Amino acid sequence: MMELSGIWAGFYRISVWVTRFAWLNMLWIAFTLLGLIFFGIMPATIAMFAVVRKWVLKEYDIPVFETFFKQYKSNFLRANLFGLVIYIIGYFLSVFLKYTGLMNHSSLYPVLLGIFVIAAFLYVMLVLYIAPVYVHYQLRFWQYIRYAVSIGAVNLHYSICAITVLAGIYFASLKFPGITLFFSFSVSAYLAMFIIHIGFSQLLKKQQEQLEQAPISTS
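The numbering scheme is per chain: residues are counted from 1 as the chain's sequence reads. With the structure being a predicted model, the display of local features is reserved for residues of pLDDT at least 70 and the display and counting of side-chain atom pairs for 80 or more, all residues being used for whole-chain, interface and lining totals. To get the side-chain values, all heavy atoms of the structure are used, and hydrogens and water are removed first.

### A short note on the overall build of the chain
Item 1. When you go through the chain residue by residue, the secondary structure sums to 8 helices and 0 strands.
Item 2. Starting at the N terminus and walking to the C terminus, you meet the elements of the chain as α-α-α-α-α-α-α-α.
Item 3. Overall, the C-alpha framework of the chain stretches about 75 × 60 × 35 Å when taken along its three principal axes.
Item 4. Between buried and exposed lies partly exposed: a residue is buried under 20% and exposed over 50% of the maximum accessible area for its type, with that area taken using a 1.4 Å probe on protein chains only. Here the chain, with 219 residues, has 37% of them falling under the buried criterion.
Item 5. Within the chain, residue pairs in contact and separated by at least 24 positions form 72% of the contacts whose partners lie at least 6 positions apart. Labels follow the DSSP assignment, with helices taken as runs of H or I lasting at least four residues and strands as runs of E lasting at least two, numbered in each case from the N terminus. Any two residues whose heavy atoms approach within 4.5 Å at even a single point are treated as in contact.

### Some points on helix H5 (residues 109–136)
Item 1. Multiply 1.5 Å by the residue count of a helix minus one, and that product is the helix's expected span. If you check H5, its first and last C-alpha atoms are 40 Å apart, about what 28 residues at 1.5 Å a residue would give, namely 40 Å.
Item 2. Two axes enter the bend calculation: one fitted to the seven residues ending at the residue in question, the other to the seven starting there, and the bend is the angle between them. Along its length, H5 reaches its greatest deviation from straightness, about 45°, at Tyr129, and the proline Pro132 lies no more than four positions downstream.
Item 3. Burial in H5 covers these residues: Leu112, Phe116, Met125, Leu126, Leu128, Tyr129, Ile130, Ala131, Pro132, Val133, Tyr134 and Val135.
Item 4. Turning to H5, the residues buried within the fold contact helix H2 (41–56), helix H4 (76–102), helix H6 (141–154), helix H7 (156–175) and helix H8 (178–213).

### Quick look at unusual backbone geometry
Item 1. You will see that Leu36, though not glycine, has its phi angle at about 60°, which is positive.
Item 2. On the secondary structure map, Leu36 appears in the loop between helix H1 (6–34) and H2.
Item 3. A relative accessible area of 68% places Leu36 in the exposed class.

### Focus: the side chain of Ser186
Item 1. With respect to the secondary-structure elements, Ser186 resides in helix H8.
Item 2. Looking at Ser186, the relative accessible area reads 0%, which means it is buried.
Item 3. Nitrogen and oxygen atoms within 3.5 Å of one another constitute a polar contact, given that in protein one can donate a hydrogen and the other can accept it, and given that sequence-neighbouring residues count only through two side-chain atoms. A polar contact is formed between the side chain of Ser186 and the backbone oxygen of Phe183, at a distance of 3.3 Å.

### Some details on the packing of H4 against H5
Each pair of packed helices gets described by two things: the angle between the helix axes and the distance between those axes.
Item 1. Working convention: axes come from line fits to C-alpha atoms, limited for helices to the stretch in contact. Angles between N-to-C directions cover 0 to 180 degrees. It is at 10 Å that the axes of H4 and H5 come closest, and there the two elements cross at 165°. Overall, the two elements H4 and H5 adopt an arrangement that is roughly antiparallel. For the pair H4 and H5, the crossing hand works out as left-handed. Between H4, through Arg78, Phe82, Ile86, Ile89, Gly90, Leu93, Phe96, Leu97, Thr100 and Gly101, and H5, the contact on the second element is made entirely by Tyr109, Leu112, Leu113, Ile115, Phe116, Ala119, Ala120, Tyr123, Leu126, Val127, Ile130 and Tyr134. Angle categories: roughly parallel below 35 degrees, roughly antiparallel above 145, roughly perpendicular from 65 to 115, and oblique for all the rest. Left-handed describes a crossing in which the near helix is turned anticlockwise from the far one by less than a right angle; the clockwise case is right-handed.

### Things to note about a nonpolar patch on the surface
Item 1. A patch consists of residues exposed above 30% relative accessible area that lack any salt bridge, with like charges linked at up to 9 Å and nonpolar side chains (Val, Leu, Ile, Met, Phe, Trp, Tyr) linked at up to 5 Å. The method behind every accessible area is Shrake-Rupley, applied with a 1.4 Å probe, and residues are considered shielded solely by the protein chains displayed. Note on definitions: salt bridges are taken to be side-chain nitrogens of Lys or Arg within 4 Å of carboxyl oxygens of Asp or Glu. Taken together, Leu36, Phe38, Phe39, Phe76, Leu77, Leu81, Leu84, Tyr87, Ile88, Tyr91 and Phe92 make up a surface patch of nonpolar side chains, about 1200 Å² in accessible area.
Item 2. Within the secondary structure, Phe76 is located in helix H4.

In structure tokens form, the structure reads like this:
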């Protein structure tokens, strides 16, 4: 078979990636619906991040469906436990905000509002990082939650960059609803994973530098 070259090779690579992202996006939607949305969204999200992490690591030839389905099935229970934790925390934050608003004439209002802002920030870090941390590290259940929050807060510039990119995709999806079915979720996951993985690499580099600079104790 004659190999493509030049502009045709470029078109071919673009078509391959368009197909990959569209296929992964539809898998995420289908398996979210398969879990009746509430029980499907977190397993499907973690499965999607497992796939895009492979792509970020330049493992391009993985079977998308097999990888996605394996991760969806094997992480179904734990992913839903993460989803439950996120839902419960979000619920308490909404209740806290409601009662904070009722106390807007109280001297405690600035304190309560400050507490809410800090808690909401940490909650956003949890939601943003839980899937990338889960597919990247091997930890215990509560360590995933702690790592997601702490890494997100430490890598604040990467977190802001990821949120900005995701917000841009969200508004583009509102303007062009057709891209939601084929690209919004998969492209969002890939770009978020790409940015967050840079943060992971920087943390690892800093840890290695600290180990190298640490004095060696002699006995």
